[in-house]
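Residues per chain are reported as follows:
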Number of protein chains: 2
Amino acid sequence: MTTREPISRRERPAKPALSREAIIDAALLVLERDGAEKLTIRRVAAELDTGPASLYVYVKNVTVLHALLIDGLLADLDLAWDDTEPWRERLHRVISDYVDLLTEHGNLARSAMFVWPDGPHYLSLVDLLLRLLQSADADEKTAAWGIDLILQHANIAAAEWAARASGTGQDLDELATTLASADERRHPTLAAFDTAVFVQGTPDERRRWALDILLDGITTKRHR
Amino acid sequence: MTTREPISRRERPAKPALSREAIIDAALLVLERDGAEKLTIRRVAAELDTGPASLYVYVKNVTVLHALLIDGLLADLDLAWDDTEPWRERLHRVISDYVDLLTEHGNLARSAMFVWPDGPHYLSLVDLLLRLLQSADADEKTAAWGIDLILQHANIAAAEWAARASGTGQDLDELATTLASADERRHPTLAAFDTAVFVQGTPDERRRWALDILLDGITTKRHR
DNA sequence: ACCTGAACACCGTTCAAGT
DNA sequence: ACCTGAACACCGTTCAAGT
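Just so it is clear, the structure is predicted and the values come from calculations on it, not from any experiment. Note that residues are indexed from 1 along each chain, following the sequence as it is written. Think of it this way: whatever chain is written first is A, whatever ligand is written first is 1, and the rest follow in order. It should be noted that, the model being predicted, local features are given only for residues of pLDDT at least 70 and side-chain atom pairs only at 80 or more, the latter also being counted only at that level, while totals for whole chains, interfaces and linings use all residues. The side-chain numbers reported here are obtained from all heavy atoms of the structure, hydrogens and water having been left aside.

Asker: What is the right way to look at the overall build of chain A in this model?
Answerer: The numbering of helices and of strands both runs from the N terminus, where a helix is a DSSP run of H or I of at least 4 residues and a strand a run of E of at least 2. The helix and strand tally for chain A stands at 10 helices and 0 strands. If you list the helices and strands of chain A from N to C, you get α-α-α-α-α-α-α-α-α-α. Remark: exposure states derive from per-residue accessible area (1.4 Å probe, protein chains only) relative to the maximum for the residue type, with buried under 20%, exposed over 50%, and partly exposed in between. Classification of the 224 residues of chain A by burial places 49% in the buried group. Throughout, a residue-residue contact means that at least one pair of heavy atoms, one from each residue, lies within 4.5 Å. Summarising the internal contacts of chain A: among those between residues at least 6 apart in sequence, 68% fall at separations of at least 24.

Structural data, given as structure tokens:
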């Protein structure tokens, strides 16, 4: 497998030259085949028939690899602008789509929390959000910081849900039990509270609720 | 610390019997000595002069180990209730304390995002938050879900800041450049926007701003 | 039941050497 | 400059065997 003379031509898919694009392609393949938790430098390198060291010319670290991927996935997002749909509805829809997309690849969502997946698709998403918040009369700072806050929340929602699904997190029953066992002396407010409420609601309900809180807050604009 | 026979007295610190408490003690020591990113099952086990397998009788996995620790750290939190301080100020103060505490141990903050550190101190924190939101006239659901949202935001803030400090994240300059390079055709709204705003503000300012958004949203209570 | 050594199945990253 | 094999320095978790 070194400088091979033009033998039979296509004995194998012909080892592609390394490049950022080739890496993304290989990574997408690994993602689909092995799942997000297996999306490691080593596996992508193996997919490219090389050692892990080779990738470091193109990606600074794993987090960057993840960010690269996320932007790729975002290509599937529906970012169409629709005059007739109220801004709030549209925003709910796009964030819901975004969370769904990330949730399918739980591990990636964790990375999304720490890097802005700075690719063209992510920029398009930000562009749409900005347009929506502007149409809701948010001023510059509120819009910009608000987008950060909204995406942060979406990322957490995806990561949390994925953690729950993979069994890495703790189950809600456990949490409910702890809350219910609040001591009357040490935690009087909690003891007098219907703690079941904490764990109520479907993920969807809670996401929607939380986003509304955010949007209410953003459009209230106290400017304190 | 156990019922020790009066032998020669202090030949060694006397290998303590394993227990959840002993594990927490050892973990706190590792945390202080080696930092949060080194707080692994293996290191804590080594600290206890045993193999990693031994800990699995007491902790289900690393995440649980982290959760245990977080609750321990929360012991230092000032949770006093003060009639004279307006609820909003008090809430800002306690969340700010909480974030500071977690930020010092960045890696732990990441775990806090996926487990409720269900120990007595965490319950006390929740108790205080509940009391504060109730005094702001939030109904049950709004208070409970709101606390979840607030803590989520605090956890992210801590984790993000820690990631930035450790160099794992991406630096803001990079992000600013990407945003500024928005293409006029593909990202018209962004191109016409002063993208510098996205990365403006100190962490403190942004935290305070975000929490106010949350609180504004929570106290608005649209009930849609 | 509790505890353990050893193994299993991996990681990310760096380095010295090649081309 | 780009690419690589090999090594470094770790991980979490499980298992079979002991007490």
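Asker: Would you mind going over the protein's contact with DNA strand C with me for this structure?
Answerer: A molecule or strand has a residue near it when one of that residue's heavy atoms lies within 4 Å. Around DNA strand C, the surrounding shell holds 17 residues, and the nearest of these are A:Arg42, A:Tyr56, B:Thr50, B:Ala53 and B:Tyr58. Counted by atom, the contact set of DNA strand C within 4 Å of the protein is 53% sugar and phosphate. Between DNA strand C and A:Arg43, the relevant distance is 3.2 Å, taken from a phosphate oxygen to a side-chain nitrogen or oxygen of the residue. Under this definition, polar contacts are N or O atom pairs within 3.5 Å; protein pairs additionally need one hydrogen-donor-capable and one acceptor-capable atom, and for neighbouring residues in sequence, both atoms have to be side-chain atoms. One of the side-chain nitrogen or oxygen atoms of B:Tyr58 is found 2.3 Å away from a phosphate oxygen of DNA strand C. For the surface near DNA strand C, the leading source of residues is helix 2 (residues 41-47) of chain A, giving 3 residues. Each residue is assigned to one class: nonpolar for Ala, Val, Leu, Ile, Met, Phe, Trp, Tyr, Cys and Pro, charged for Asp, Glu, Lys and Arg, and polar for all the others, Gly among them. Taken together, the residues that form the surface near DNA strand C break down as 8 nonpolar, 5 polar and 4 charged.

Asker: Mind showing me how you'd approach the packing of helix 4 (residues 87-103) of chain B against helix 6 (residues 120-135) of chain B here?
Answerer: Think of two packed helices as two axes; the pair is described by the angle between the axes and how far apart they sit. Residue and element names in this part refer to chain B. Lines fitted to the C-alpha atoms define the axes, with helices restricted to the stretch that makes contact. Angles between their N-to-C directions range from 0 to 180 degrees. Contact geometry of helix 4 with helix 6 gives a least axis separation of 9 Å together with a crossing angle of 155°. Here helix 4 is positioned roughly antiparallel relative to helix 6, judged by the angle of their axes. Our pair here, helix 4 against helix 6, has a crossing hand that is left-handed. Counted together, Trp 87, Arg 90, Leu 91, Val 94, Ile 95 and Tyr 98 of helix 4 and Tyr 122, Leu 125, Leu 128, Leu 129, Leu 132, Leu 133 and Ser 135 of helix 6 form the full contact between these two elements. Taken together, the residues that form the contact of helix 4 with helix 6 break down as 11 nonpolar, 1 polar and 1 charged. Throughout, the term roughly parallel applies to angles under 35 degrees, roughly antiparallel to angles over 145, roughly perpendicular to angles from 65 to 115, and oblique to all others. Crossings are sorted by hand: turned counterclockwise from the far helix by less than a right angle, the near helix makes the crossing left-handed, and turned clockwise it makes it right-handed.

Asker: Looking at this structure, I do not really get the confidence of the model for chain A. What am I missing?
Answerer: Low-pLDDT portions of the prediction should not be read for the details of their coordinates. Residue and element names in this part refer to chain A. Confidence along chain A averages 87 in pLDDT terms, with 88% of residues attaining 70 or more. Mean pLDDT across the secondary structure elements of chain A bottoms out at helix 5 (residues 106-112), with 79, and peaks at helix 9 (residues 188-191), with 96. Confidence per residue, as judged by the predictor, is encoded in pLDDT with a range of 0 to 100. Segment residues 1-12 is flagged for pLDDT under 50; beyond a separation of four residues in sequence, or across chains, it makes 2 contacts in the model.

Asker: Where do I start with the nonpolar core in this structure?
Answerer: Inside soluble globular proteins, nonpolar side chains tend to come together where they are buried. Among buried residues, the Ala, Val, Leu, Ile, Met, Phe, Trp, Tyr and Cys ones that are joined through side-chain atoms within 4.5 Å form a nonpolar core. With 143 residues, the main nonpolar core has A:Val44, A:Ile95, A:Tyr98, B:Val44, B:Leu91, B:Ile95 and B:Tyr98 as its most contacted residues. Dropping the residues within four chain positions of it, B:Tyr98 is found in contact with B:Leu74, B:Leu77, B:Ala112, B:Tyr122, B:Leu125, B:Leu151, B:Ala154 and B:Asn155.

Asker: Looking at this structure, how should I read the protein's contact with DNA strand D?
Answerer: Around DNA strand D, 17 residues are found, and the nearest of them are A:Thr50, A:Ala53, A:Tyr58, B:Arg42 and B:Tyr56. What you see for DNA strand D is that sugar and phosphate hold 53% of its atoms within 4 Å of the protein. B:Arg43 is positioned such that a nitrogen or oxygen atom in its side chain is 3.2 Å from a phosphate oxygen of DNA strand D. Looking at which element gives the most residues to the surface near DNA strand D, the answer is helix 2 (residues 41-47) of chain B, with 3 residues. Within the surface near DNA strand D, the residues separate by chemical class into 8 nonpolar, 5 polar and 4 charged.

Asker: What is the right way to read the interface of chain A and chain B from this model?
Answerer: How big an interface is tends to be stated in terms of the accessible area lost upon association of its parts. On the side of chain B, 67 residues touch chain A, which itself brings 67 residues to the contact. Summing both sides of the interface, chain A and chain B together bury roughly 6400 Å²; the carbon and sulfur share of this comes to 64%. When the area that chain A buries against chain B is broken down by residue, the three leading residues are A:Phe114, A:Trp145 and A:Trp209, summing to 13%. Any Lys or Arg side-chain nitrogen found within 4 Å of a carboxyl oxygen on Asp or Glu counts as a salt bridge. Counting across the interface, chain A meets chain B through 2 salt bridges. For A:Asp148, the salt bridge goes to B:Arg206, with nearest N and O atoms at 3.1 Å. Inspection of the region where chain A meets chain B yields 14 residue pairs in polar contact (both at pLDDT 80 or more). Broken down by secondary-structure element, the contributors of at least two residues to the side of chain A that touches chain B are helix 6 (120-135), helix 7 (140-166), helix 8 (172-180), helix 9 and helix 10 (203-220) of chain A. By buried area we mean how much accessible surface two parts lose on assembly, using a 1.4 Å probe and totalling the loss over both.

Asker: Mind showing me how you'd approach the relation of the copies chain A and chain B here?
Answerer: Two copies of the chain are present, and they differ by a rotation about an axis and a shift along that axis. Least squares is the method used to superpose the copies, on C-alpha atoms of residues holding a pLDDT of at least 70 in both. Least-squares fitting of chain A to chain B yields an RMSD of 0.0 Å, with the transformation described by 0.0 Å of translation along the axis and a rotation of 180°. The transformation relating the two chain copies, once decomposed into turn and shift, fits a two-fold axis. Among all residues of chain A, the minimum C-alpha distance to the rotation axis is found for A:Gly217, at 2.0 Å. Looking at the interface residues of chain A, 100% of them are also at the interface in chain B, so both copies use one shared face.

Asker: Would you take a moment to explain helix 8 of chain A for this structure?
Answerer: Owing to its 3.6 residues per turn, the α-helix brings residues three or four apart onto one side. Within helix 8 of chain A, burial applies to A:Leu175, A:Thr178 and A:Leu179. For helix 8 of chain A, the arc enclosing every buried residue in end-on projection is 95°, short of the 170-degree limit, so these residues lie on one face. Those residues of helix 8 of chain A that are exposed and angled more than 90 degrees off the buried face are A:Asp173, A:Thr177 and A:Ala180. The elements touched by buried residues of helix 8 of chain A are helix 9 of chain A together with helix 6 of chain B. Picture the helix axis, draw a direction to every C-beta atom, and the arc is the one those directions span.

Asker: Please explain the pattern of salt bridges as it appears in this structure.
Answerer: Going through the model one piece at a time under the given rule, you end up with 22 salt bridges over all chains. Across the salt bridge formed by B:Arg33 and B:Asp34, the nearest N and O atoms sit 2.9 Å from each other. Put simply, A:Arg33, A:Asp34, A:Arg43 and A:Glu47 are held in one network by salt bridges that share partners.

Asker: Honestly, helix 10 of chain A in this entry has me stumped. Any pointers?
Answerer: Each helix should span, by expectation, one fewer than its residue count multiplied by 1.5 Å. With 18 residues, helix 10 of chain A should cover 26 Å at 1.5 Å per step; its first-to-last C-alpha distance of 26 Å lies within 8% of that length. Listing the buried residues of helix 10 of chain A in full gives A:Arg206, A:Arg207, A:Trp209, A:Ala210, A:Leu211, A:Asp212, A:Ile213, A:Leu214, A:Leu215, A:Asp216, A:Gly217 and A:Ile218.

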